[in-house]
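Working through the structure, step by step
Each chain, written out:
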Amino acid sequence: MDQSVSYPVKLYIYDLSRGMARQLSPLMLGKQLDGIWHTAIVVHGKEFFFVGEGVNSCSPSGTPLGEPDSIVDLGSTEVPAEIFMEYLTSLAESTYGRDKYNLFEHNCNSFSNEVAQFLTGKKIPSYITDLPSEVLATPFGQALRPLLDSIVISPGGNNITGQR
């Protein structure tokens, strides 16, 4: 008898602007943004995310960001914790290493999207992954790009490879 075990997979969504994007984006960008999104995947009792230090983890809601603004149920996975950690370690040593972070093109949301597809076959919501191109499509976004390219988001957690 084949009895596979499944594990719930959640997407934690945080608004880094704490509501300010909703208030200021029409004036600054000429379009409404509901938030500046940081995401993480929660599976096997931990929250996993990509920041300027690489792939990090913590207990769910264990970063200084506190509780997520919303949680999306991505379904479940049959990938056991040991295999998942091997996968994450390979990502951390290659595609999502500490020198690979870019606020617009290779960020926490890129990571969450890739990991979600690995675990469940599902992508994260497009309003999150489309946000950088929406911002850069505005004159103000283009003007701020040099400054914003230098920003690295780091909400805490422990680097899974032990690096800092």
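The structure contained in this document is the topic of the report that follows. Just so you know, these numbers come straight off a predicted model, no measurement behind them.

**Focus on the packing of aromatic side chains**
- Per the stated rule, a full pass over the model turns up eight aromatic pairs.
- Plain terms: the ring middles of Trp 37 and Tyr 127 are 5.8 Å apart, the flat faces sit at 85° to each other, and that makes the pair edge-to-face. Here Trp 37, found in strand E2 (residues 37–43), pairs with Tyr 127, found in helix H4 (residues 126–129); they are 90 residues apart in sequence, far enough to count as distant.
- For Trp 37, a relative accessible area of 12% translates into the label buried.
- Among the aromatic residues, those joined into a ring-pair cluster are Phe 48, Phe 84, Tyr 87 and Phe 118.

**Here we look at unusual backbone geometry**
- Positive phi is not limited to glycine here, since Arg 18 has a value of about 55°.
- The residue Arg 18 is located in the loop between strand E1 (7–15) and helix H1 (20–29) in this model.
- Although it is not a glycine, Ser 61 sits at a positive phi angle of roughly 65°.
- You can see Ser 61 is positioned in the loop between strand E4 (54–58) and strand E5 (70–77).

**Topic: the environment of Arg 22**
- Note that Arg 22 resides in helix H1.
- Sequence-wise, Arg 22 and Leu 33 are 11 residues apart; in three dimensions their C-alpha atoms are separated by 5.4 Å.
- Not counting residues up to four positions away in its chain, the partners in contact with Arg 22 are Gln 32, Leu 33 and Asp 34.
- A polar side-chain atom of Arg 22 sits 3.0 Å from the main-chain carbonyl oxygen of Asp 34.

**Comments concerning H1**
- Considered for burial, the residues of H1 that qualify are Ala 21, Ser 25 and Leu 29. Considered in projection along H1, the buried side chains sweep an arc of 30° and stay on one side of the axis. The outward face of H1, more than 90 degrees from its buried face, is lined by the exposed residues Gln 23 and Leu 27.
- In this structure, the buried residues of H1 make contact with helix H5 (131–136) and helix H6 (139–149).
- Positive phi appears at Gly 30, one or two residues downstream of H1, with a value of about 80°.

**Let's talk about the nonpolar core**
- Judged by nonpolar contacts, the single largest core of 32 residues is most densely connected at Ile 41, Phe 84, Leu 88, Phe 111, Val 115 and Leu 119.
- If you list the elements that add at least two residues to this core, you get E1, E2, strand E3 (46–51), helix H2 (81–92), helix H3 (108–120) and H5.
- When residues of this core are assigned to their parent elements, the largest contribution, five residues, is made by H2.

**Considering the pairing of E2**
- Counting buried positions along E2 gives seven out of seven residues, so the element sits mostly inside the fold.
- Where E1 and E2 come together, six bridges link them in antiparallel fashion. Directly across from Lys 10, in E2, lies its bridge partner Val 42.
- Note: E2 against E3, three bridges, orientation antiparallel. The residue of E3 that forms the bridge with Ile 41 is Phe 48.

The rules we used
Residues numbered from 1 in each chain as written. Predicted model: local features only at pLDDT ≥ 70, side-chain atom pairs only at ≥ 80, totals over all residues. Heavy atoms only, no water. Phe/Tyr/Trp six-rings, centres within 6.5 Å; stacked < 30°, edge-to-face > 60°. Helix = DSSP H or I, 4+ residues; strand = E, 2+ residues; numbered from the N terminus. Buried < 20%, exposed > 50% of the residue type's maximum accessible area, 1.4 Å probe, protein only. Contact = heavy atoms within 4.5 Å. Polar contact = N/O pair within 3.5 Å; in protein donor to acceptor, adjacent residues only side chain to side chain. Arc of directions from axis to C-beta. Core = buried A, V, L, I, M, F, W, Y, C linked by side-chain atoms within 4.5 Å. Pairing = 2+ DSSP bridges.

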